[in-house]
Amino acid sequence: MSAQQERTFIALKPDAVQRNLVGEVIRRFEAKGFKLVGLKLVKPSVETAEEHYAEHKGKGFYKGLVDFITSGPVVAMVWQGKGVVASARKLIGATNPLTSEPGTIRGDLAVDVGRNVIHGSDSTDSAQREISLWFKEGEIADWTPVSNAWVYEN
């Protein structure tokens, strides 16, 4: 991975999987020019969910987050590219879909904050922590798309 490249963790929550939105979300990230380097369908354990949402432990909505993310399959992904963490946050939109801008994933595809379709890392530090939680050594592919010359200026 080059110095200007970074990685982010994206999870399509059980509502996105159940609503057949996986392809649409992947299409948006690919159209932006980001590179998919990790992808798997998993049903998270309670332990993984608790660790993933550890920063919210003790808050009133914590149990609901854990219960929901473990209620069905999740598509866990690692995306790579220049500024991918900040850009992904813009693509995703505000946590509450009702205040998310049209054109964002949540603004276009979700209605309720409790069923907001997607999670994305909020910083490069969070991304590293989340990627190591959801992906084992060897599950991330390092490759170079032929389109890089058309996405990135030298």
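As named in an unreviewed UniProt entry, the chain is nucleoside-diphosphate kinase, taken from Acrasis kona. On record in UniProt, under Sequence similarities (unreviewed entry), the comment for the chain is "Belongs to the NDK family." In its Cofactor (unreviewed entry) section, UniProt records this for the chain: "Mg(2+)".

Please clarify how the pairing of strand β1 (residues 6-12) should be interpreted in this entry.
Within a regular beta strand, the side chains point alternately toward one face of the sheet and then the other, so they alternate between its two faces. Summarising burial for β1: five of the seven residues are buried, a large majority. As paired strands, β1 and strand β3 (residues 74-81) are joined by seven bridges and run antiparallel to one another. Considered in β3, the bridge of F9 is made with V78. As judged from the three bridges shared by β1 and strand β4 (residues 118-120), these two strands associate in the antiparallel manner. By the bridge assignment, I10 is partnered in β4 with G120.

How do you make sense of the UniProt feature "domain: Nucleoside diphosphate kinase-like" (unreviewed entry) in the chain when you look at a structure like this?
Under the present numbering, the feature "domain: Nucleoside diphosphate kinase-like" (unreviewed entry) in UniProt falls on residues 5-142. Secondary structure content for residues 5-142 is 41% helix and 19% strand, and the end C-alpha separation is 12 Å.

Could you clarify how one ought to interpret the side chain of Q80 in this entry?
Inspection of the secondary structure assignment puts Q80 in strand β3. A relative accessible area of 2% means that Q80 is categorised as buried. For Q80, the side chain forms a polar contact with the side chain of R7, separated by 2.7 Å.

Is there a simple way to think about the environment of R106 in this case?
Note on placement: R106 falls in helix α6 (residues 105-109). Sequence separation between R106 and A94 is 12 residues; the distance between their C-alpha atoms is 7.1 Å. With sequence-adjacent residues up to four places away left out, R106 is seen in contact with K13, I92, G93, A94, T95, P97, S100, N116, I118 and H119.

Could you clarify how one ought to interpret the pairing of β3 in this entry?
Most of β3 sits inside the fold, with eight of its eight residues counted as buried. Side-chain alternation along β3 places V74, A76, V78 and Q80 on one buried face and V75, M77, W79 and G81 on a second face that is also buried. Two strands pair when backbone bridges link them, and strand β2 (residues 35-42) and β3 are joined in this way by seven bridges, in the antiparallel orientation. Residue pairing across strands places L39 opposite M77, the latter belonging to β3.

What is the right way to look at the nonpolar core in this model?
Proteins that are soluble and globular tend to have nonpolar side chains buried together. Residues I10, F29, W79 and I118 are the most contacted members of the largest nonpolar core, which totals 39 residues. For this core, the secondary structure elements donating two or more residues are β1, α1 (14-18), α2 (22-32), α4 (62-69), β3, α5 (84-92), α6 and α7 (124-134). Ignoring sequence-local partners within four residues, the contact set of I10 consists of F29, V75, A76, M77, W79, A88, I92, I118, H119 and G120.

Thresholds, definitions, all that
Residues numbered from 1 in each chain as written. Predicted model: local features only at pLDDT ≥ 70, side-chain atom pairs only at ≥ 80, totals over all residues. Heavy atoms only, no water. UniProt positions renumbered as here; feature names shortened; annotations may be inferred. Buried < 20%, exposed > 50% of the residue type's maximum accessible area, 1.4 Å probe, protein only. Helix = DSSP H or I, 4+ residues; strand = E, 2+ residues; numbered from the N terminus. Pairing = 2+ DSSP bridges. Polar contact = N/O pair within 3.5 Å; in protein donor to acceptor, adjacent residues only side chain to side chain. Contact = heavy atoms within 4.5 Å. Core = buried A, V, L, I, M, F, W, Y, C linked by side-chain atoms within 4.5 Å.

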